Amino acid sequence: MEKIKTKSSLGLYVHIPFCLRKCFFCSFVVYIGKNNHKKKYLTCLEQELKEYSQKRIKTIYFGGGTPTFLNGDELTRLIKSVKANFLIEENCEFTIEANPDTIDFPKARLLKELGVNRVSIGAQTFSNRYLKFLGRTHQAKDVEKCFAALRKAGFDNITLDLMYGFPGQTLGELKDDIKKIIKFNSEHLSLYTLTVEPRSKFNIQNLKMPSTQRLGAFYTHITRALEKKGFAQYEISNFAKPGKQSEHNCIYWKCQDYIGLGAGAHSHFEGTRFWNTSSVPTYLRLAEKGKPTVDGKEKLNKDRRLLEALLFGLRMNEGVSLCILEKQFNAKFSKQTKEKISQFCKDEFLILKNSHLKTTLQGRLVLDELSVRLI
Ligand SMILES: C[S@@+](CC[C@H](N)C(=O)[O-])C[C@H]1O[C@@H](n2cnc3c(N)ncnc32)[C@H](O)[C@@H]1O
Ligand code: SF4
């Protein structure tokens, strides 16, 4: 296992691949598995987390799959193991991802008692027609019930996921979804354009996806409508009320260090990235034999780290300071990169002021493409 000598506090990501759904857009490592598989998986997770004993943790994120498919006893066992093994910082942000129809008041209260203080609800859309199109089992009203249960249990940091850009979706339908999601008055929102993932059911369907122009109009409406209602955009897809940015995800965008536990989970330490096998049966088999579950690793040289810090940093509205990054990684941006940056500034995709670089709204619309060209 990778030896990790770091004094700084880390992010902790725990992958819970279990899910009883088969959404048509989903490509996450999901695993139905039988009950005993869940027990085995928790045992393997406990074994893996002992490898990082006494590390200082500033954020915890249970992602999936659907972590809230674990029952009360399983969640209690896992969260107690995490607490017993790591030095958890006082104001540690502890997020769990949930499906709207997997949280009721008793489970919300239990999560609160166990120290979870942030919940991410996968609402996706409030149109039951599009929920059906996505292969979702929940109805729009389930989001209201789930949200109310979390508020009743005392959660003051809830984020909702919304997807948009469905085939045939009109601006009017999107405006309706935005109006409805704003009404929840959550602390945070994540808005994702529907992407057809290689391992998803949608990939075999010849979907007629919206044009770039239409997606541009949707995105412009979203950013303006949310800003008006107090949601400040801080990352391409993420909007937050003051002080409610996702601390865990900021660790990724700021290229800081984090531990990833479970099948398919990634870790990152001082420029070395490594990841576990994404196959759950293989993960179980290896862990049970006490064998390393790491499936691959890459050591990033300082030039690569500098470029990645630029690309990830540009996802955030605050942008990056080019000279601070160069100092941080003791490396220099190449002549080509600098030429591309100044071209993108001329094209009004980026703004460069006193070595500080950030995107324009136009730039955010095409950032994936700009990133490919910057590599
Ligand atoms: C790990 S997923 C799922 C969490 C939870 N199981 C659920 O479905 O609500 C986290 C979020 O990624 C987004 N997502 C997943 N697949 C996507 C896709 N193909 N295109 C766009 N967004 C996607 C969804 O908004 C989803 O809520
Ligand atoms: S999107 Fe979420 S609920 Fe749907 S199959 Fe994937 S993990 Fe399960």
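Residues numbered from 1 in each chain as written. Chains lettered and ligands numbered in written order. Predicted model: local features only at pLDDT ≥ 70, side-chain atom pairs only at ≥ 80, totals over all residues. Heavy atoms only, no water.

## Describing the site of ligand 1
Next, step 1: Lining the immediate environment of ligand 1, one finds 18 residues, of which Thr-66, Gln-124, Arg-136, Asp-161 and Thr-195 sit closest.
Next, step 2: Gly-65 is positioned such that a nitrogen or oxygen atom in its backbone is 3.0 Å from a nitrogen atom of ligand 1.
Next, step 3: Isolated, ligand 1 exposes 560 Å² of accessible area, and the fraction of that covered by the protein chains is 90%.
Next, step 4: Across the shell around ligand 1, the residue classes break down as six nonpolar, eight polar and four charged. (Near = heavy atom within 4 Å. Polar contact = N/O pair within 3.5 Å; in protein donor to acceptor, adjacent residues only side chain to side chain. Areas by Shrake-Rupley, 256 points an atom, 1.4 Å probe, with all protein chains shown as cover. Nonpolar A, V, L, I, M, F, W, Y, C, P; charged D, E, K, R; others polar.)

## A short note on the packing of helix H12 (residues 335–346) against helix H14 (residues 367–374)
Next, step 1: For the pair H12 and H14, interaxial distance at closest approach is 10 Å and the crossing angle is 155 degrees. The orientation of H12 relative to H14 falls into the category roughly antiparallel. The segment H12 lies against H14, with Thr-337, Lys-340, Ile-341 and Phe-344 engaging Leu-370, Arg-373 and Leu-374. (Axes fitted to C-alpha atoms, helices over the stretch in contact; angles between N-to-C directions. Helix = DSSP H or I, 4+ residues; strand = E, 2+ residues; numbered from the N terminus. Parallel < 35°, antiparallel > 145°, perpendicular 65-115°, else oblique. Contact = heavy atoms within 4.5 Å.)

## A short note on the site of ligand 2
Next, step 1: If you check the shell around ligand 2, you find 10 residues, and the closest are Cys-19, Cys-23, Cys-26, Asn-99 and Arg-136.
Next, step 2: By residue class, the composition of the shell around ligand 2 is five nonpolar, three polar and two charged.

## A closer look at the sheet that holds strand S13 (residues 320–321)
Next, step 1: The three strands are arranged S13-S15-S14 in an open sheet whose pairing can be described as antiparallel. On the outer flanks of this sheet lie S13 and strand S14 (350–353), each paired with one strand and no other.
Next, step 2: As defined by bridge partners, S13 adjoins strand S15 (residues 356–359) across two bridges and the pair is classed as antiparallel. Looking at the pairing, Ser-321 lines up with His-356 of S15. (Pairing = 2+ DSSP bridges.)

Remember that the coordinates give geometry; whether it matters functionally is a separate question.
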